[in-house]
Amino acid sequence: MPSPAPGRRPRVLSGAQPTADSYHLGNYIGAFRQWVALQDEFEAFYFVPDLHAITVEYDPAQLRERTYVAAAQLLAAGVDPERSALFVQSHVPEHAQLAWVLGGVTGFGEASRMTQFKDKTAKGGQDSASVGLFTYPILMAADILVYQADQVPVGEDQRQHVELTRNLAQRFNHRFGETFTVPKPYIVKESAKVYDLQDPTVKMSKSTSSPNGVVNLLDDPKKAAKKIRSAVTDSGTEIVFDPQEKPGVSNLLTIFSVLTDRTVDDVVADFEGKQYGHLKVALGDVVAELVSDFGSRTRELLEDRAELDRILADGAARAREVAVPTLAAVYEASGFAAPRPAGA
């Protein structure tokens, strides 16, 4: 497979959909903090996947606004446009163009087995899902391969998508010659997983959690603190980290540990002999401070749309510096006739 050019840092790519008015605490702890850290080691490409967002019913005006809000939040989280290319997916047409080519080497059964499509159709039948949702994993593969990404930071639940991407890259390379870098999933083993505050047996999720189970990064600080104070805890009174027997308290300890850059053991030691309420109040204050600072920074960025447009345009230009030659190599390998000037 193609190797990084001499002197080039390995590439990493990831994105977060603009399907809600705010990202949540689980996104921040489970993904964005890792993205920020990876900027030191990798040539990073981070994007807002607006093309993925239209695979379900949506409102165009809302999508446009949420795309800006998503970009501002990624910047507020610490994505540095001087060190990373931050862009909107639809601003780089090579994503969609490559997805069509990859569709030609993807088996129908292979696509049918992807978890997202299976889950959707299991609930509402095949008529409840769009063709876009069916081909969603192929576009995701194109997102990765168009940048010749070496690694892809994803949660364990996204490993299947990266495996499909690897299979398609290897299949294309075998049929048409070495064209794509075969990426590896970058799954941070010690990455904290944040659970629903009202049901700590399931992940915090915008789509499945109750409103009080999710702390949104753009929540009012007092509201965020109240959600923490109202979190479901467990039987008993001792504050210990035991995800099996005490999932509620363990979830709060995990959040406290990550947001204060301390070990869980240190946090537990601080609350020895104290009640659950003490932990909730203290963590509520920590979370309130986080969302206050995060919200202020996001609103500041949104107030200057011209600057936000400039950042995104610059990111798209940098992204296309890699995407355009990749697509050209794919077209050449695929046997497409190269366009010629009239009369040439």
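See the structure shown above.
Given the structure is predicted, the values throughout are model-derived calculations rather than measurements. (Residues numbered from 1 in each chain as written. Predicted model: local features only at pLDDT ≥ 70, side-chain atom pairs only at ≥ 80, totals over all residues. Heavy atoms only, no water.)

Participant: Got a sec to walk through the overall build of the protein chain? Specific residues and values, please.
Facilitator: When you go through the protein chain residue by residue, the secondary structure sums to 13 helices and five strands. Taking 20 Å as the expected radius of gyration for a compact globule of 344 residues, we find that the protein chain reaches 22 Å, a close match to that expectation. Taken along the three principal axes of its C-alpha coordinates, the protein chain extends 80 × 45 × 45 Å. Expressed as a percentage of its 344 residues, the buried residues of the protein chain come to 47%. Residue pairs at least 24 apart in sequence account for 75% of intrachain contacts in the protein chain once pairs closer than 6 positions are excluded. As presented, the protein chain carries roughly 16800 Å² of accessible surface, and 51% of it is formed by carbon and sulfur atoms. Computing the positive centroid from 36 side-chain charges and the negative centroid from 45, the protein chain places the two 3 Å apart. (Helix = DSSP H or I, 4+ residues; strand = E, 2+ residues; numbered from the N terminus. Rg over C-alpha atoms; globule rule 2.2 N^0.38 Å. Buried < 20%, exposed > 50% of the residue type's maximum accessible area, 1.4 Å probe, protein only. Contact = heavy atoms within 4.5 Å. Areas by Shrake-Rupley, 256 points an atom, 1.4 Å probe, with all protein chains shown as cover. Lys, Arg positive; Asp, Glu negative; His and termini not counted. Charge placed at Lys NZ, Arg CZ, Asp CG, Glu CD.)

Participant: Account for the nonpolar core, naming residues and giving values.
Facilitator: If you look at the biggest cluster of nonpolar residues, it comprises 57 residues, and the most contacted ones within it are Leu 25, Ile 29, Phe 32, Ile 255 and Val 287. Core analysis: the next-biggest nonpolar cluster, separate from the first, contains 37 residues, Ala 99, Ile 138, Leu 168 and Val 182 among them. (Core = buried A, V, L, I, M, F, W, Y, C linked by side-chain atoms within 4.5 Å.)

Participant: Can you tell me about helix H4 (residues 94-103), naming the residues and giving the values?
Facilitator: Taken together, the buried positions of H4 are occupied by Glu 94, His 95, Leu 98, Ala 99, Val 101 and Leu 102. Looking straight down H4, one finds that the buried residues subtend no more than 165 degrees of arc, so they occupy a single side. The elements touched by buried residues of H4 are strand S3 (84-88), helix H7 (131-145), helix H8 (159-176) and helix H13 (305-334). (Arc of directions from axis to C-beta.)

Participant: Run through H13, naming residues and quoting values.
Facilitator: Taking 1.5 Å per residue, 30 residues should reach 44 Å; H13 reaches 40 Å between its end C-alpha atoms and fits that length. Of all the bends found along H13, the most pronounced is centred on Arg 320 and spans about 35 degrees. What H13 keeps buried is the set Leu 308, Ile 311, Leu 312, Gly 315, Ala 316, Ala 319, Val 322, Ala 323, Thr 326, Leu 327 and Val 330. Looking one or two residues past H13, Gly 335 carries a phi angle of roughly 95 degrees, positive in sign. (Expected span 1.5 Å × (residues − 1). Bend = angle between axes of the 7 residues up to and from the residue.)

Participant: Outline the side chain of Thr 179, supporting the account with residue identities and numerical values.
Facilitator: With respect to the helices and strands, Thr 179 occurs in the loop between H8 and strand S5 (184-186). One polar contact links the side chain of Thr 179 to the main-chain carbonyl oxygen of Gly 177, over a distance of 2.9 Å. (Polar contact = N/O pair within 3.5 Å; in protein donor to acceptor, adjacent residues only side chain to side chain.)

Participant: Quick rundown of the packing of helix H9 (residues 221-229) against helix H12 (residues 276-302)? Include the residues and the values.
Facilitator: Between two packed helices, what matters for the description is the angle formed by their axes and the separation of those axes. Running from N to C, H9 and H12 point in directions that differ by 150 degrees, and their axes come no closer than 8 Å. It follows from the interaxial angle that H9 and H12 lie roughly antiparallel. The crossing of H9 and H12 is right-handed. Counted together, Pro 221, Ala 224, Ala 225, Ile 228 and Arg 229 of H9 and Lys 280, Val 281, Leu 283, Gly 284, Val 287, Ala 288, Val 291 and Ser 292 of H12 form the full contact between these two elements. Among the residues making up the contact of H9 with H12, the classes are represented as nine nonpolar, two polar and two charged. (Axes fitted to C-alpha atoms, helices over the stretch in contact; angles between N-to-C directions. Parallel < 35°, antiparallel > 145°, perpendicular 65-115°, else oblique. Left-handed = near helix turned anticlockwise from the far one by under 90°. Nonpolar A, V, L, I, M, F, W, Y, C, P; charged D, E, K, R; others polar.)

Participant: Quick rundown of the packing of aromatic side chains? Include the residues and the values.
Facilitator: In total, this model carries 13 aromatic pairs according to the counting rule given. Between Phe 42 and Tyr 186, the aromatic rings sit 5.9 Å apart at their centres with planes inclined by 85 degrees, giving edge-to-face as the arrangement. Of this pair, Phe 42 sits in the loop between helix H1 (25-38) and strand S2 (43-48) while Tyr 186 sits in strand S5, and the two are 144 residues apart along the sequence. Owing to a relative accessible area of 1%, Phe 42 belongs among the buried residues under this scheme. Residue Tyr 186 is classed as partly exposed on the basis of its relative accessible area of 24%. Ring geometry for Phe 172 against Phe 176: centres 4.8 Å apart, planes inclined by 50 degrees, an arrangement best described as tilted. Of this pair, Phe 172 and Phe 176 both sit in helix H8, four residues apart, roughly one helical turn. (Phe/Tyr/Trp six-rings, centres within 6.5 Å; stacked < 30°, edge-to-face > 60°.)

Participant: Describe the pattern of salt bridges, and please don't skip the residues or the numbers.
Facilitator: Enumeration over the complete set of coordinates arrives at 13 salt bridges. For Glu 43, the salt bridge goes to Arg 11, with nearest N and O atoms at 3.1 Å. Taken as a pair, Glu 43 in strand S2 and Arg 11 in strand S1 (residues 11-15) lie far apart in primary sequence, 32 residues in all. The class of Glu 43 is partly exposed, set by a relative accessible area of 23%. For Arg 33, the salt bridge identified is with Asp 261, shortest N-O distance 3.0 Å. Highlighted residues: Arg 33 in helix H1 and Asp 261 in the loop between helix H10 (247-259) and helix H11 (264-270), separated in sequence by 228 residues. Arg 33 sits in the partly exposed class, given a relative accessible area of 27%. Residues joined by salt bridges that share partners form a network here, namely Asp 40, Asp 80 and Arg 83. (Salt bridge = Lys/Arg side-chain N within 4 Å of Asp/Glu carboxyl O.)

Participant: Give a detailed account of unusual backbone geometry, specifying residues and quantitative values.
Facilitator: Outside of glycine, negative phi angles account for most residues, and trans bonds account for most peptide bonds. Residue Gln 148 is not a glycine yet carries a positive backbone phi of 50 degrees. Within the secondary structure, Gln 148 sits in the loop between H7 and strand S4 (151-153). Given a relative accessible area of 13%, Gln 148 falls into the buried group.

Participant: So, the pairing of S3: which residues are in play, and what are the values?
Facilitator: Across the five residues of S3, five count as buried, placing the element largely inside the fold. Side-chain alternation along S3 places Ser 84, Leu 86 and Val 88 on one buried face and Ala 85 and Phe 87 on a second face that is also buried. As defined by bridge partners, S2 adjoins S3 across five bridges and the pair is classed as parallel. The partner of Phe 45 across the bridge, within S3, is Ala 85. (Pairing = 2+ DSSP bridges.)

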